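# Coordinate analysis (summary)
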Amino acid sequence: GQQVMQIPQYQHVQEGEDFTTYCNSSTTLSNIQWYKQRPGGHPVFLIQLVKSGEVKKQKRLTFQFGEAKKNSSLHITATQTTDVGTYFCAGLWGYQKVTFGTGTKLQVIP
Amino acid sequence: GAGVSQTPSNKVTEKGKYVELRCDPISGHTALYWYRQSLGQGPEFLIYFQGTGAADDSGLPNDRFFAVRPEGSVSTLKIQRTERGDSAVYLCASSPGLASYTDTQYFGPGTRLTVL
């Protein structure tokens with residue numbers, strides 16, 4: 001079946017440092033979504049990317065979709081303790097079901 | 001406006017028993033999804049409803065799992081003859097249903113199922 005690989009699995013950063021998580025698919029995606037899950041919480045939708053090479057920003061968060069639509073990244077500038085959680089990408093291929101990556105767990109050290 | 005609600009929040013059962021998990025979506029959302037999330041993993045798709053019908057049940061792992069949504073609102077996930085491997089958090093999500101999977105999905109708090 002379709003899979004999305006996500007790296008790194010864990011990341012510890014000092015507060016104020018930047019953070020990036022990467023998502024890769026072996027086949028071309030139609031869309032990619034990003035979610036955040038706080039410890040003990042449920043996934044919360046952040047954004048969806050559709051176009052090749054698309055870049056979207058939400059305050060300190062920058063989302064990119066690769067030119068080939070096979071990879072994506074989420075970059076957080078100057079992390080804060082409120083950024084703690086697990087970040088998931090979720091790939092879509094046409095009108096098929098969403099497939100979540102394994103997530104990157106972010107710890108921010110104050 | 002209330003979000004997606006799920007009951008119970010926790011369910012402990014014995015191997016071989018039958019369980020039902022309930023999801024109450026956001027009012028007016030026609031699309032409803034069930035996922036299963038094991039520790040340290042991303043949510044795994046189980047089934048997607050559009051209205052009353054299951055539009056995609058390809059994620060149900062076997063015939064012990066069944067889900068219904070008889071009136072196009074509340075959904076129940078039913079698991080027969082539970083096994084220890086069924087232990088996980090079962091998440092429900094709903095969306096307006098305008099564009100199937102590409103709609104924003106709103107997740108509920110989940111039901112943590114433990115099979116002893």
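Residues numbered from 1 in each chain as written. Chains lettered and ligands numbered in written order. Predicted model: local features only at pLDDT ≥ 70, side-chain atom pairs only at ≥ 80, totals over all residues. Heavy atoms only, no water.

Turning to the overall build of chain A, a few remarks are in order. A count of helices and strands for chain A gives zero helices and 11 strands. Mapped from its N terminus to its C terminus, chain A presents α and β elements in the order β-β-β-β-β-β-β-β-β-β-β. Against the 2.2 N^0.38 benchmark of 13 Å for 110 residues, chain A shows a C-alpha radius of gyration of 13 Å, consistent with a compact globule. Dimensions along the principal axes, computed over C-alpha positions, put chain A at roughly 40 × 25 × 20 Å. Every one of the 110 residues in chain A was classed for burial, and the buried ones make up 48%. Intrachain contacts of chain A at a sequence separation of at least 6 include 55% that bridge at least 24 residues. By element, 51% of the accessible surface of chain A is carried by carbon and sulfur atoms, the whole surface being about 5500 Å². (Helix = DSSP H or I, 4+ residues; strand = E, 2+ residues; numbered from the N terminus. Rg over C-alpha atoms; globule rule 2.2 N^0.38 Å. Buried < 20%, exposed > 50% of the residue type's maximum accessible area, 1.4 Å probe, protein only. Contact = heavy atoms within 4.5 Å. Areas by Shrake-Rupley, 256 points an atom, 1.4 Å probe, with all protein chains shown as cover.)

To continue, consider the interface of chain A and chain B. Buried accessible area, meaning the area lost when the parts come together, often serves as the stated size of an interface. At the junction of the two partners, chain A supplies 17 residues and chain B supplies 19 residues. Carbon and sulfur atoms supply 59% of the area that chain A and chain B bury against each other, a total of about 1400 Å² over both sides. It is A:His42, A:Lys97 and A:Phe100 that lose the most area in chain A upon contact with chain B, and together they represent 33% of the buried surface on that side. Scanning the region where chain A abuts chain B turns up zero salt bridges. Taken together, chain A and chain B are joined by two residue pairs in polar contact (both at pLDDT 80 or more). Listed by contribution, the elements that provide at least two residues to the side of chain A that touches chain B are β4 (31-37), β5 (43-49) and β9 (85-92) of chain A. With four residues, β4(A) is the largest single contributor of residues to the side of chain A that touches chain B. Of the residues contributing to the side of chain A that touches chain B, the split by class is eight nonpolar, eight polar and one charged. (Buried area = accessible area lost by both parts, 1.4 Å probe. Salt bridge = Lys/Arg side-chain N within 4 Å of Asp/Glu carboxyl O. Polar contact = N/O pair within 3.5 Å; in protein donor to acceptor, adjacent residues only side chain to side chain. Nonpolar A, V, L, I, M, F, W, Y, C, P; charged D, E, K, R; others polar.)

Just distances and angles here, no functional claims.
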